[in-house]
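Commentary on secondary and tertiary structure
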Amino acid sequence: MDIEQMKQAMRASAKTEVVHCQDIGEIKLRQLSAAVGMNLAKVVSDIGDDAASTNTSVLFNFYVDLISKSIVGDNDQLTFDSDEGRATLSQLRFDQLMQIGNACLSLNGMTAETAKKN
């Protein structure tokens, strides 16, 4: 098995879910890879229990990064995992950002509350 075959096999084995976002429509999400999940878990760990004192840009960037590493197209390839993609996601309304971000957390077995504890 070569690298491309391994990548395709890993993408194929990742769970996906389609969520409906108000005023946007259906969005296909894919589970995070272990490496991405661990990096984002580190951010959550650094935030700790006192999220109120955390710089809001850290929380904002966490959600934008989470979403950019989760939204896939029909071919299961990431569609927003670039600086341009994250810039586009940063223009979402707050309610849309939270809805999609929370769906991403849920797909990976977490909620906003459990993310703070891990």
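Procedures and definitions
- Residues numbered from 1 in each chain as written.
- Predicted model: local features only at pLDDT ≥ 70, side-chain atom pairs only at ≥ 80, totals over all residues.
- Heavy atoms only, no water.
- Helix = DSSP H or I, 4+ residues; strand = E, 2+ residues; numbered from the N terminus.
- Buried < 20%, exposed > 50% of the residue type's maximum accessible area, 1.4 Å probe, protein only.
- Contact = heavy atoms within 4.5 Å.
- Areas by Shrake-Rupley, 256 points an atom, 1.4 Å probe, with all protein chains shown as cover.
- Pairing = 2+ DSSP bridges.
- Axes fitted to C-alpha atoms, helices over the stretch in contact; angles between N-to-C directions.
- Left-handed = near helix turned anticlockwise from the far one by under 90°.
- Nonpolar A, V, L, I, M, F, W, Y, C, P; charged D, E, K, R; others polar.
- Polar contact = N/O pair within 3.5 Å; in protein donor to acceptor, adjacent residues only side chain to side chain.
- Salt bridge = Lys/Arg side-chain N within 4 Å of Asp/Glu carboxyl O.

Turning next to the overall build of the protein. Assigned secondary structure in the protein consists of 6 helices and 3 strands. If you list the helices and strands of the protein from N to C, you get α-β-β-α-α-β-α-α-α. By the burial criterion, 31% of the 118 residues in the protein qualify as buried. The long-range fraction of contacts in the protein, counting pairs at least 24 apart against all pairs at least 6 apart in sequence, stands at 57%. Of the roughly 7300 Å² of accessible surface on the protein, a fraction of 53% belongs to carbon and sulfur atoms.

Turning to the pairing of strand β1 (residues 16–21), a few remarks are in order. Sheet topology note: the β1/strand β2 (residues 25–30) ladder contains 6 bridges and is antiparallel. Bridging from a neighbouring strand, His20 pairs with Glu26 of β2. Connecting β1 to the antiparallel partner β2 that follows it, the hairpin turn spans 3 residues, and Asp23 within it adopts a positive phi of roughly 70°.

This part is about the sheet that holds β1. Read from one edge of the open sheet, 3 strands run β1-β2-β3, paired in antiparallel fashion. Two strands in the sheet have a free side with no partner beyond their single neighbour: β1 and β3 (71–72). As paired strands, β2 and β3 are joined by 2 bridges and run antiparallel to one another. Residue Leu29 lies in a different strand from β3, and its bridge partner there is Ile71.

Across the interface, helix α3 (residues 56–68) lies against helix α5 (residues 94–107) with an axial gap of 9 Å and an inter-helix angle of 60°. Note that α3 runs across α5; the crossing there is left-handed. Between α3 and α5, the contacting residues are Phe60, Phe62, Tyr63, Val64, Leu66 and Ile67 on the first element and Leu97, Met98, Ile100, Gly101, Asn102, Cys104 and Leu105 on the second. Here the contact of α3 with α5 is composed, by residue class, of 11 nonpolar, 2 polar and no charged.

Time to look at the environment of Arg86. With respect to the helices and strands, Arg86 occurs in helix α4 (residues 83–89). Taking the C-alpha atoms as reference points, Arg86 and Ser68, 18 residues apart in sequence, are found 6.2 Å from one another. Side-chain polar atoms of Arg86 contact the side chain of Ser68, separated by 3.4 Å.

Let us look at the side chain of Ser70. Take Ser70: it is sitting in the loop between α3 and β3. Looking at Ser70, its side chain comes within polar contact range of the main-chain oxygen of Leu66, at 2.7 Å. Those residues in contact with Ser70, other than ones at most four positions away along the chain, are Lys28, Leu29, Arg30, Leu32, Leu78 and Cys104.

Tallied over the entire structure, the rule returns 6 salt bridges. The partner of Lys69 in a salt bridge is Asp81, with the nearest N and O atoms 2.9 Å apart. Of this pair, Lys69 sits in the loop between α3 and β3 while Asp81 is found in the loop between β3 and α4, placing the two residues 12 residues apart along the sequence. Residue class for Lys69 comes out partly exposed when judged on its relative accessible area of 25%. Here Asp81 falls in the partly exposed class, since its relative accessible area comes to 31%. Two residues, Asp81 and Arg86, come together in a salt bridge whose shortest N-O distance is 3.0 Å.

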